[in-house]
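A look at the structure
Given next are the chains, with one letter for each unit.
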Amino acid sequence: MTARRPTISDVARHAGVSKGAVSFALNGRAGVSSETRQRILDAAAELGWSPNHRARALSTSRAFALGLVVARDPELVGADPFFPMFIAGVEKVLAERDQALVLQVVTSPAAEEAGYRRLARDGRVDGVFLVDLREADPRIALLEEIGLPAVTLNRPDVPTPFPAVILDDRPGIAAEVRHLAGLGHTAIAHVSGPEPFLHAIARSQAFADAMAEAGLPPGRVEPGDFTAAGGRAATHRLLTGPDRPTAIVYANDVMALSAIAVAAELGVRIPDDLSITGFDDTDLAGYVHPALTTVRADARGWGEVAARTLLAVIDGEIDEQQVADTALAPAELILRRSTSAP
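Note that residues are indexed from 1 along each chain, following the sequence as it is written. Since the coordinates come from a predicted model, pLDDT governs what is reported: local features require at least 70, and pairs of side-chain atoms require 80 or more to be given and counted, while whole-chain, interface and lining totals use all residues. Hydrogens and water molecules were not included; the side-chain quantities draw on all heavy atoms of the structure.

Moving on to the side chain of Ser340. Segments assigned H or I by DSSP are reported as helices when at least four residues long, segments assigned E as strands when at least two residues long, and all are numbered from the N terminus. Its location among the elements puts Ser340 in the segment after strand 12 (332–334). Contact between two residues is taken to exist if any of their heavy atoms lie within 4.5 Å; hydrogens are not considered. When neighbours within four sequence positions are excluded, Ser340 is seen to be in contact with Leu183, His185, Pro271, Asp272 and Ser275.

Relative to the helices and strands, Val313 is located in helix 13 (residues 299–314). Note on Val313: relative accessible area 10%, which makes it buried. Between the C-alpha atoms of Val313 and Asp126, which are 187 residues apart in sequence, the distance is 9.9 Å. Only protein chains enter the area calculation, which uses a 1.4 Å probe; residues under 20% of their type maximum are buried, those over 50% are exposed, and those in between are partly exposed.

Only strands that DSSP links by at least two bridges are regarded as paired with each other. Spatially, 7-6-8-9 is the arrangement adopted by the four strands of the open sheet, whose pairing is parallel. Each of the sheet's edge strands pairs with one partner strand only, and the pair in question is strand 7 (221–223) and strand 9 (275–277). If you compare each strand with its neighbour and ignore which way they point, the axes differ by 20 degrees on average. The pairing of strand 8 (residues 247–250) with strand 9 spans three bridges and is classified as parallel. Bridge pairing in strand 9 links Ile248 to Ile276. In the packing of helix 11 (residues 228–240) onto the sheet, contacts are made with strand 6 (188–192), strand 7 and strand 8, and the angle to strand 7 comes to roughly 145 degrees. Every axis in this analysis is a line fitted to C-alpha atoms, fitted for helices over the stretch in contact. Angles between the N-to-C directions lie between 0 and 180 degrees. Those strands touched by helix 12 (residues 253–265) are strand 6, strand 8 and strand 9, and its axis lies near 155 degrees from that of strand 9.

With that out of the way, let us pick up the pattern of salt bridges. Any carboxyl oxygen of Asp or Glu that lies within 4 Å of a side-chain nitrogen of Lys or Arg is treated as forming a salt bridge with it. In the structure shown here, the tally under the stated rule is 22 salt bridges. In this structure, Arg232 engages Glu265 in a salt bridge whose closest nitrogen and oxygen atoms are separated by 2.7 Å. Linking Arg232 in helix 11 with Glu265 in helix 12, this pair joins segments that are 33 residues apart in sequence. One connected set of salt bridges, linked through shared partners, spans Glu112, Arg134, Asp137 and Arg139.

To form a nonpolar core, buried Ala, Val, Leu, Ile, Met, Phe, Trp, Tyr and Cys residues must be joined to one another through side-chain atoms within 4.5 Å. Core analysis: the largest hydrophobic core is formed by 42 residues, its most contacted members being Leu68, Phe86, Phe129, Ile188 and Trp302. At the level of elements, strand 1 (65–71), helix 6 (82–97), strand 4 (150–153), helix 9 (170–183), helix 10 (198–213), strand 8 and helix 13 are the ones that each hand at least two residues to this core. Ignoring any residue separated from it by four or fewer positions in sequence, one finds Phe129 in contact with Leu66, Gly67, Leu68, Phe86, Val90, Leu101, Tyr116, Val151, Ala306, Ala307 and Leu310. By size, the runner-up hydrophobic cluster in this structure holds 24 residues, among which are Ala189, Ala251, Ile270 and Leu292.

Honestly, that's just the spatial picture; any functional story needs more than this.
Below is the structure:
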């Protein structure tokens, strides 16, 4: 005979609390003291209680999952270290709540819109993370239309009802320019990210503003795409064209790391002949030769805060149209050996 599955009522009796307190504790919600929460968790463990997702979903019309739709080439998503770190932060929070992340990678605007509509229509997720914000981003209106709760990574440039979790890139880029100018560089170039992305535009604008504040002429800007191939092509153009710069500020680490190979092929020594800086402080940045001066942005922490914010909206703990944006610590400069005086 199959043993009866322990219920929330069993856990409540075992812990000497109400079923409501058990629900709060097991779902990671506020409303119980840390001591009571631990007593409930211990009781659940002793009884071998585990969540019945089918029953929970049927009784609450919840999917107990969050969605992330990424509109990039699948190979590029794998090459960009931001996404694994961000997803790790999200999964850390979801694991505490025994919930799931539904990831979709699409390659066209039409597929992206269809992906969001399908997630909402099929009830597969309770809310979504909106990443890679673009100019006049149409996804804000789309998510309002289909009634899907969301959290945006940074603030869009159009009216939005959704809370944002903000990490300001600009201080990091400005610090890199000041560092290079302080070393004596005056011919500083920038390899940017894709123009539609607001964070790429912000980094480029921060570069231009910092150059002006340092009293330097506008630096040459070469378009990149956050990929190694794009960084390599942009670096080759800068190093083989006229007025070769003595320093290059890259919009991410992947493009900066590709520059090391290009410079070696052209006989350009880093940092003796060329100083380079990146952005993100990926794991490899500290282990290449020379180690990369870069900007540290906490993608994992960003994922954790975004997940907690979105879950709070879904659980009704905060009103998504009234909640204040959450500002994370701004990106910070990490000095290593890829920069020196010209």
